[in-house]
Amino acid sequence: MFKILHAEFLAPGIKRFVIEAPRIAHKYKPGQFIILRLHEQGERIPLTIEKADPERGTIRLVVQSIGKTTNLLNSLETGDTILNVVGPLGKPSDIEKFGTVVVMGGGVGTAMAYPTTAALKQAGNRVISIVGARNKELVILEKEMREASDVLMITTDDGTYADKGFVTDKLRQLIENGTRIDLVLAVGPIPMMRAVADMTRKEHIRTIVSLNPIMIDGTGMCGGCRVLIDGKSEFACVDGPEFDAHRVDFSILVQRNSTYREAEQRSMKEFQQDPKSQVAAVRAGHSGVCAVEGVGR
Amino acid sequence: MTQPTKTKSLNVLPLKERMKVPRQHMLEQSPVTRATNFTEVNLGYSEELARQEAMRCLECAKAECTRDCPVGVKVKEFVQLIVAGDYLGAAAKIREDNVLPAITGRVCPQEDHCEGGCLMGKKVEPLGIGYLERFVADYEQRNMDLKNVPKAIPTGKKIAIVGSGPSGLTAAGDLVQKGHQVHVFEALHEVGGVLVYGIPEFRLPKKIIRQQVDYMRAMGVEFETDVVVGRTVTINELLEEEGYDAVFIGTGAGLPQFMGIPGEHLNGVYSANEFLTRINLMHAYEFPKYDEPMVDFRGKNVAVIGGGNTALDAIRSSKRLGAGNAFILYRRSEAEMPARLEEVKHAKEEGIEFQVLAAPLEFLDDGKGWLKGARCQKMELGEPDASGRRRPVPIEGSEYEIPLAVAVIAIGTTANPIIQTTTPGLATTKRGYIQADDTTQKTSRKGVFAGGDIVTGGATVILAMGAGRRAAKAIHEYLANPEQW
């Protein structure tokens, strides 16, 4: 059982958690993720670690409410517990002195890009960060990203904060202005990562993306998170989650991520009908129901 | 009738009569009923049936059943105790060599081991050793008190077991009985490894695994879930920082193999590991009560590619999810199938079709990223290959298409590299498995032992248990005198 030491909303639907997980905190490196499960009937979902404090034995997660599990998680508060947290999983980000690095964070992807950004800065890179969000309220980690960057640019889709537009507009400007870019790291929604990859491919700029396929065990055992890299299967949990953006087949990723859309919508709808009792069940029932004698349809 | 003495058999039935008694069949759910549920197929022996079956034992002087058992269960002795009605005694006798009797009694390929060696099997059906083991283990479960589980005198030595599958549990059970402090690490959220995520409820109920694990807890074994050794903590850290005197690695085979044919990324194409993990570990068949979803199988055509126990577990699960046509696609003939005989029989009774001597060449896209079928090719058998089985040879011009909504690939696994790549000095084979000695299971690293699928590649529960047992014996000797190793 993993205790939530602190929980606070950073923006509507985006919550930050500080979780007691000493083993994970001790081993964590930027770019790695955890898998968690909230209750005995829960699914396992992967979440990138935002930060770890090995001395205190804590990790930080930034979670956006999307489906049932993330909504349920974001209903939990300081003092609640999470049934299972396993990690750190995946390969750490490749941190070295590349020169000038452009980090692009789309939406909650900013929180996932942040630890690698800080590490890249620490390694002596010139870091230009471009953070994008739909609107002013959803701009997160501005202070942290500013500290971790030499230059920080912010875009909002609706122009309610900073510059109106998309993160790719800023990248295009940098390229057109002749800025020397040695590496691009893009973390965010798939369409954004794909757009970045298309843009930098033409310019021959090395580009890394962090992928988020459907995952179960996170140790390489199930193969559910396979992604097509240069036409070959690789597993995001053990070979990734970061990959060379120019080798990723994004269409396959989109297609595979849609496999359970109907079921996910159904789960979400049922959750929304009575969120309170579901949260109460998670809080009450960490001993859980030992429902093993289930009968099929 | 004379009163049996210690040296004499307790069995009153004359030897020549024993061959005349037919093998007692275990009650099972009817095929029609069970193909719609996930509850256990076999229902167990009554005491009467068990004793009747036990009476068939010929009590051979040279017990080939024990010789052929990877963990060396004293079959003749425990069967005699059943004849005498001492079922708890029989359980204790099995436990001397096998800490998971309720599991092996259900999933062991007995025909390859104890029952394969049974002398009676040369003339009539062999003694139902697996059924008897299962009976005794279940009886023990119903009638024992965990408070009475014997505990050994502590030695003060600490052993880390990596992985809570069959090899890890066996090593843990044997070592805790020697008085060592045993701590088992499991990567998933539930203890049992492949027993939990791989083998379906209808063959091995989760309740049985939990009971066997609870027994081990009562023996003093500690379990810690959610630890991926190699990531959460390394082997070096266990030895150097956490004070373990020895480590046993029993992490299983790991990465699922794909076929490398077009269309493997289509929605509806699964590895057997993913499919079975969704069903068994995550209870996807109980969606939406459980969160984990599964694609809709109802009325659909489902094929599983492969011929082992995993393939049969997957196809029989598909049937239970409501598949219209459920079939095995296997590139050799039925005679070469590595699956347990009882599973093949049960599968056929449940209406599973066997399309043998055929293999897919390509998975076909419905235009929206979902599987709609497979282009297959017929095979014939050629010369035996390295495995001794006749090699499948494609027949030119025999290609054909089949409509499919789901395909599950169950053609084996490759080594999971997480531990090998994070443990300096741990020697591996060309295929990436951990190198370990055949008799002691010791690796190239002092104090580190390994066994099960991570050493041999995909095998069976009982073979992994055999390795766990050999490792436990060696670790016990190593701890007494590490300098000698």
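It should be noted that the structure appears before, not after, this text.
Quick notes on the rules
- Residues numbered from 1 in each chain as written.
- Chains lettered and ligands numbered in written order.
- Predicted model: local features only at pLDDT ≥ 70, side-chain atom pairs only at ≥ 80, totals over all residues.
- Heavy atoms only, no water.
- Helix = DSSP H or I, 4+ residues; strand = E, 2+ residues; numbered from the N terminus.
- Rg over C-alpha atoms; globule rule 2.2 N^0.38 Å.
- Contact = heavy atoms within 4.5 Å.
- Areas by Shrake-Rupley, 256 points an atom, 1.4 Å probe, with all protein chains shown as cover.
- Lys, Arg positive; Asp, Glu negative; His and termini not counted.
- Charge placed at Lys NZ, Arg CZ, Asp CG, Glu CD.
- Axes fitted to C-alpha atoms, helices over the stretch in contact; angles between N-to-C directions.
- Parallel < 35°, antiparallel > 145°, perpendicular 65-115°, else oblique.
- Left-handed = near helix turned anticlockwise from the far one by under 90°.
- Nonpolar A, V, L, I, M, F, W, Y, C, P; charged D, E, K, R; others polar.
- Pairing = 2+ DSSP bridges.
- Buried < 20%, exposed > 50% of the residue type's maximum accessible area, 1.4 Å probe, protein only.
- Expected span 1.5 Å × (residues − 1).
- Bend = angle between axes of the 7 residues up to and from the residue.
- Polar contact = N/O pair within 3.5 Å; in protein donor to acceptor, adjacent residues only side chain to side chain.
- Buried area = accessible area lost by both parts, 1.4 Å probe.
- Salt bridge = Lys/Arg side-chain N within 4 Å of Asp/Glu carboxyl O.

A word on the overall build of chain B
Here's step 1: Along chain B, the regular secondary structure elements total 19 helices and 16 strands.
Here's step 2: Taking 23 Å as the expected radius of gyration for a compact globule of 485 residues, we find that chain B reaches 23 Å, a close match to that expectation.
Here's step 3: If you line up chain B on its principal axes, its C-alpha atoms span 70 × 60 × 50 Å.
Here's step 4: Restricting the contact set of chain B to residue pairs at least 6 apart, pairs at least 24 apart contribute 69%.
Here's step 5: In the form shown here, chain B has an accessible surface area of approximately 19100 Å², with 52% of it arising from carbon and sulfur atoms.
Here's step 6: Side-chain charges of chain B comprise 58 positive and 62 negative groups, with the mean position of each set lying 4 Å from the other.

Comments concerning the overall build of chain A
Here's step 1: Helix and strand counts for chain A stand at nine helices and 16 strands.
Here's step 2: Over its C-alpha trace chain A gives a radius of gyration of 19 Å, about what one expects of a compact globule, namely 19 Å for 297 residues.
Here's step 3: Within chain A, contacts between residues separated by at least 24 positions form 67% of all contacts whose residues are at least 6 apart in sequence.
Here's step 4: Taken as a whole, chain A presents about 12400 Å² of accessible surface, with 48% of it coming from carbon and sulfur.

Focus on the packing of helix 6 (residues 87-95) of chain B against helix 9 (residues 129-143) of chain B
Residue and element names in this part refer to chain B.
Here's step 1: Relative to each other, helix 6 and helix 9 sit at 110°, their axes nearing to 9 Å. Taken together, the axes of helix 6 and helix 9 are roughly perpendicular relative to one another. Crossing angle aside, the handedness with which helix 6 passes helix 9 is left-handed. Where helix 6 approaches helix 9, its residues Tyr 87, Leu 88, Ala 90, Ala 91, Ile 94 and Arg 95 are matched on the opposing element by Glu 133, Phe 135, Val 136, Tyr 139, Glu 140 and Asn 143.
Here's step 2: Here the residues of the contact of helix 6 with helix 9 are counted per class, giving eight nonpolar, one polar and three charged.

Examining the sheet that holds strand 9 (residues 126-133) of chain A
Residues and elements named next belong to chain A.
Here's step 1: Pairing within the open sheet is mixed, and its seven strands lie in the order 11-10-9-8-12-13-16. In this open sheet, the two strands that pair with only one neighbour each are strand 11 (163-164) and strand 16 (242-244).
Here's step 2: Where strand 13 (residues 207-210) and strand 16 come together, three bridges link them in antiparallel fashion. Bridge pairing in strand 16 places Ile 208 opposite Asp 244.
Here's step 3: Here helix 6 (residues 190-203) sits on the sheet in contact with strand 8 (100-106), strand 12 (183-187) and strand 13, set at roughly 160° to strand 12.

Brief notes about the pairing of strand 8 of chain A
All names here are of chain A.
Here's step 1: The buried fraction of strand 8 is high, at seven of seven residues.
Here's step 2: With burial as the criterion, each face of strand 8 is covered, one bearing Thr 100, Val 102, Met 104 and Gly 106 and the other bearing Val 101, Val 103 and Gly 105.
Here's step 3: Bridging between strand 8 and strand 9 involves seven bridges; their strand directions are parallel. Bridge pairing in strand 9 places Thr 100 opposite Arg 126.
Here's step 4: Pairing geometry for strand 8 and strand 12, over five bridges, is parallel. Across the sheet, the residue bridging to Val 101 is Leu 183, located in strand 12.

Observations concerning helix 6 of chain B
Here's step 1: Buried within helix 6 of chain B we find B:Tyr87, B:Gly89, B:Ala90, B:Ala91, B:Ile94 and B:Arg95.
Here's step 2: Tucked inside the fold, the buried residues of helix 6 of chain B contact helix 3 (47-54), helix 5 (75-83), helix 7 (101-107), helix 9, helix 10 (166-177) and helix 12 (206-219) of chain B.

A closer look at helix 3 (residues 109-122) of chain A
Residue and element names in this part refer to chain A.
Here's step 1: Spanning 14 residues, helix 3 covers 20 Å between terminal C-alpha atoms, matching the ideal 20 Å at 1.5 Å per step.
Here's step 2: In the structure, helix 3 departs most strongly from a straight axis at Pro 115, where the bend amounts to approximately 30°.
Here's step 3: Counting buried residues along helix 3, 10 of its 14 residues qualify, which places the element largely inside the surrounding structure.
Here's step 4: For helix 3, the full list of buried residues reads Gly 109, Thr 110, Ala 111, Ala 113, Tyr 114, Pro 115, Thr 116, Thr 117, Ala 119 and Leu 120.
Here's step 5: Among the residues trailing helix 3, Gly 124 stands out with phi positive, at a value near 95°.

What to know about the packing of helix 10 of chain B against helix 19 (residues 461-480) of chain B
All names here are of chain B.
Here's step 1: Packing of helix 10 against helix 19 brings their axes to within 7 Å, and their N-to-C directions diverge by 35°. Of the two elements, helix 10 crosses helix 19, and the hand of that crossing is right-handed. Residues Pro 166, Ser 167, Thr 170, Ala 171, Asp 174 and Leu 175 of helix 10 lie in contact with helix 19, whose contacting residues are Val 461, Ala 464, Met 465, Gly 468, Arg 469, Ala 472, Ile 475 and His 476.
Here's step 2: Among the residues making up the contact of helix 10 with helix 19, the classes are represented as eight nonpolar, four polar and two charged.

Section: the environment of B:Ser398
Residue and element names in this part refer to chain B.
Here's step 1: In this fold, Ser 398 is placed in the loop between strand 13 (390-394) and strand 14 (400-403).
Here's step 2: Each C-alpha atom of the pair Ser 398 and Met 379 lies 8.3 Å from the other, and the pair is 19 residues apart in sequence.
Here's step 3: Among residues more than four places away in sequence, those in contact with Ser 398 are Cys 376, Gln 377 and Lys 378.
Here's step 4: In this structure the side chain of Ser 398 is engaged in a polar contact, spanning 3.0 Å, whose partner is the backbone nitrogen of Lys 378.
Here's step 5: Side-chain polar atoms of Ser 398 contact the backbone oxygen of Ile 395, separated by 2.7 Å.

Here we look at the interface of chain B and chain A
Here's step 1: On the chain A side, the residues contacting the 60 residues of chain B number 57 residues.
Here's step 2: Buried area between chain B and chain A, both sides added, is near 4900 Å², and the carbon and sulfur share of it is 53%.
Here's step 3: Interface area lost by chain B to chain A is led by B:Arg231, B:His265 and B:Asp291, which between them contribute 17%.
Here's step 4: Where chain B touches chain A, the interface holds four salt bridges.
Here's step 5: When the shortest N-O distance is used, the salt bridge between B:Glu237 and A:Lys27 registers 3.0 Å.
Here's step 6: Where chain B meets chain A, there are 24 residue pairs in polar contact (both at pLDDT 80 or more).
Here's step 7: Listing elements by their share of the side of chain B that touches chain A, those giving two or more residues are helix 12, strand 7 (269-271) and helix 14 (272-281) of chain B.
Here's step 8: The biggest single contributor to the side of chain B that touches chain A is helix 14 of chain B, with four residues.
Here's step 9: Tallied by class, the residues present in the side of chain B that touches chain A amount to 25 nonpolar, 16 polar and 19 charged.

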